[in-house]
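# Breakdown of the fold
Here is what each chain is made of, one letter per residue.
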Amino acid sequence: MKRQRVLVTGGAGFIGSCLCEKLLDLGNDIVCMDNLFTGQKDNIRHLMDNPYFEFIRQDVLEDVYVECDQIYNLACPASPVHYQYDPIKTGKTSVIGALHTLGLAKRCHARILQASTSEVYGDPEVHPQPETYRGCVNPNGIRSCYDEGKRMAETLFFDYHRQHGVDIKVIRIFNTYGPRMRCDDGRVISNFVVQALKNEDITIYGDGNQTRSFCYVFCDSDYWMHLCKNRFVLYKSIIDFAWL
Ligand SMILES: NC(=O)c1ccc[n+]([C@@H]2O[C@H](COP(=O)([O-])OP(=O)(O)OC[C@H]3O[C@@H](n4cnc5c(N)ncnc54)[C@H](O)[C@@H]3O)[C@@H](O)[C@H]2O)c1
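Please read all numbers here as calculations on a predicted model, not as lab measurements.

### Thoughts on the overall build of the protein
The number of helices and strands found in the protein is six helices and ten strands. Looking at the protein as a whole, 48% of its 244 residues qualify as buried. Taking the contacts inside the protein whose residues are at least 6 apart along the sequence as the reference set, 71% of them involve residues at least 24 apart. Surface accessibility of the protein: about 12,600 Å² in total, with carbon and sulfur atoms responsible for 52%.

Listed below in structure tokens is the structure:
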């Protein structure tokens, strides 16, 4: 089979670096693009000597020119502590990053996948959320830069498909955890692990009755590979995904 040229934006991040690894193992030629805001070279250091792996330090807000057959658009800070650091930049990263990568997909006739999020449901009134649920999102709160940015990115993906026939995939990732998660990102599993390692009490917010769907990152990558063979997928969780 012909070696596919794959662009992974946000490829030096927690999930992106696992995805790059997996895509390389499958015999692809990878360009990893990242501005290293939350990603780290250490996450991809073990891939640097591979002749089929290339790292480009670049922001997705700049024009993206990479000849490719597939694009995985993961560039975006994902934890509240990081996406609230510069909320305007976070919104731009989702929206302009989507425009740049979709423009590239259109020009190269590449298949493109968007890493969306369960946060597009906002503070949902329905549990668990079916893909038909439209969400309950605050447009002007401190999380809106991320939630609304990802919603607009989804809109752009579907409009590029309807208007230009671009082959898209949108997956909504729920809380993912695993190796290379930053211990300072404030997410629930990393908080638990860090507190446990420090022999501190484990903090549960609220009344403890809240529910979350968790996904281990390598399962995530395997599922992504599987989903990429098919068209139009919204992916909710490790055991619950639906075909449009
Ligand atoms: N981890 C989760 O539970 C989860 C849940 C839902 C969605 N997602 C999405 O998956 C993707 C990856 O998340 P992650 O958990 O690996 O987070 P992460 O912060 O480790 O990875 C994001 C990567 O994007 C890079 N980046 C950020 N802004 C950029 C920009 N403007 N230009 C280029 N690169 C940029 C960062 O440096 C980092 O390497 C994100 O798009 C996130 O929204 C993750």
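### A look at the pattern of salt bridges
Any two side chains of opposite charge can pair, given that their charged atoms come close. Tallying each qualifying case throughout the model produces twelve salt bridges. Across the salt bridge formed by Asp167 and Arg111, the nearest N and O atoms sit 2.9 Å from each other. With a gap of 56 residues between them, Asp167 in the loop between helix 4 (144-164) and strand 6 (168-173) and Arg111 in strand 5 (residues 111-117) connect regions that are remote in the sequence. Between Asp184 and Arg182 there is a salt bridge, and its shortest N-O distance comes to 3.0 Å. A residue is classified by how much of its surface remains accessible, and Arg182, at 24% relative accessible area, is partly exposed.

### Structural notes on helix 3 (residues 87-108)
In this model, helix 3 (22 residues) spans 31 Å end to end at C-alpha, consistent with the 32 Å of a helix rising 1.5 Å per residue. Of all bends in helix 3, the biggest is about 25 degrees, found at Thr93. Buried within helix 3 are the following residues: Thr90, Gly91, Thr93, Ser94, Gly97, Ala98, His100, Thr101, Leu102, Leu104, Ala105 and Cys108. Note on helix 3: the residue one or two positions beyond its end, His109, has a positive phi of about 55 degrees.

### So, unusual backbone geometry
Put simply, His127 and Pro128 share a cis peptide bond, and its omega is -15 degrees. Tracing the chain through its elements places Pro128 in the loop between strand 5 and helix 4. You will see that His109, though not glycine, has its phi angle at about 55 degrees, which is positive. Note that His109 resides in the loop between helix 3 and strand 5. Phi angles above zero are rare outside glycine, and Asn199 is one such case at about 60 degrees. Structurally, the position occupied by Asn199 is in the loop between helix 5 (188-197) and strand 8 (215-216). Residue class for Asn199 comes out exposed when judged on its relative accessible area of 74%.

### Thoughts on the site of the ligand
As a matter of local geometry, the ligand sits amid 31 residues, with Asp34, Thr38, Tyr146, Thr176 and Arg187 nearest to it. Backbone polar atom of Cys76 to an oxygen atom of the ligand: 3.4 Å apart, as the coordinates give it. In the complex, the protein chains occlude 97% of the 810 Å² of accessible area that the ligand would expose alone. Listing elements by their share of the shell around the ligand, those giving two or more residues are helix 1 (14-25), helix 3, strand 5 and helix 4.

### Looking at the side chain of His100
Within the fold, His100 resides in helix 3. Setting aside chain neighbours within four positions, we find His100 in contact with Val60, Leu61, Glu62, Asp63 and Val64.

### Describing the state of the cysteines
In this structure the tally under the stated criterion is zero disulfides. Note on Cys20: no disulfide assigned, nearest cysteine sulfur contributed by Cys32 at a separation of 4.4 Å. For Cys20, a relative accessible area of 0% translates into the label buried. The thiol of Cys108 is not disulfide-bonded; the next cysteine sulfur, from Cys68, is found 4.6 Å away.

Calculation notes
Residues numbered from 1 in each chain as written. Predicted model: local features only at pLDDT ≥ 70, side-chain atom pairs only at ≥ 80, totals over all residues. Heavy atoms only, no water. Helix = DSSP H or I, 4+ residues; strand = E, 2+ residues; numbered from the N terminus. Buried < 20%, exposed > 50% of the residue type's maximum accessible area, 1.4 Å probe, protein only. Contact = heavy atoms within 4.5 Å. Areas by Shrake-Rupley, 256 points an atom, 1.4 Å probe, with all protein chains shown as cover. Salt bridge = Lys/Arg side-chain N within 4 Å of Asp/Glu carboxyl O. Expected span 1.5 Å × (residues − 1). Bend = angle between axes of the 7 residues up to and from the residue. Near = heavy atom within 4 Å. Polar contact = N/O pair within 3.5 Å; in protein donor to acceptor, adjacent residues only side chain to side chain. Disulfide = S-S within 2.5 Å.

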